[in-house]
Amino acid sequence: GVDQCIQKFLDVARQTECFFLQKRLQLSVQKPEQVIKEDVSELRNELQRKEALIQKHLAKLRHWQQVLEDISVQHKKPAEMPQGPLAYLEQASANIPAPMKQT
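Model, not experiment: these values are computed from the prediction. Counting restarts for each chain: residues are numbered from 1 in the order of the written sequence. Whole-chain, interface and lining totals are the exception, using all residues; otherwise, since this is a predicted model, local features are given only for residues with pLDDT of at least 70 and side-chain atom pairs are given and counted only at 80 or more. Processing note: side-chain calculations cover all non-hydrogen atoms of the structure and skip hydrogens and water entirely.

Asks: Which parts of the structure should I look at to understand the pattern of salt bridges?
Replies: It is possible for side chains bearing opposite charge to pair when their charged atoms get close. We define a salt bridge as a side-chain nitrogen of Lys or Arg found within 4 Å of a carboxyl oxygen belonging to Asp or Glu. A full pass over the atoms with the stated rule returns three salt bridges. Between E38 and R24 there is a salt bridge, with its nearest N and O atoms 2.3 Å apart. Of this pair, E38 sits in helix α2 (residues 32–80) while R24 sits in helix α1 (residues 2–30); the two residues are 14 residues apart in sequence, bridging distant segments of the chain. Accessible area is worked out with a 1.4 Å probe on protein chains only. A residue is then buried under 20% of its type maximum, exposed over 50%, and partly exposed in between. Of the residues examined, E38 reaches a relative accessible area of 25% and is grouped as partly exposed. For R24, a relative accessible area of 33% puts it in the partly exposed group. Between E46 and K50 there is a salt bridge; the shortest N-O distance is 3.0 Å. Taken together, the positions of E46 and K50, both in helix α2 and four residues apart, correspond to about one turn of that helix. To qualify as a helix, a DSSP run of H or I must reach at least 4 residues; to qualify as a strand, a run of E must reach at least 2; elements of each kind are numbered from the N terminus.

Here's what the structure looks like:
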């Protein structure tokens with residue numbers, strides 16, 4: 001039943017793989033430069049893929065560095081303000097415009 005079908009499928013898959021490995025071996029003997037060209041092409045593709053991945057990670061890194069810098073700037077602003085209730089009152093009153101004189 002099912003086990004026999006699975007086993008037959010696996011046998012055929014092994015035979016197919018063996019066939020392609022034999023053809024690959026023949027090609028490498030007859031045309032070694034072709035194998036080298038294929039290897040170089042695969043390496044170039046892998047380098048391009050990795051370069052794209054690096055650029056993606058760099059973009060994320062820049063984004064999070066900006067987020068951290070923004071948070072750092074926000075936390076520094078309250079620290080620059082004077083401490084204590086009297087200092088806060090003086091700071092707040094300094095921002096109030098002076099009253100206009102009536103004539």
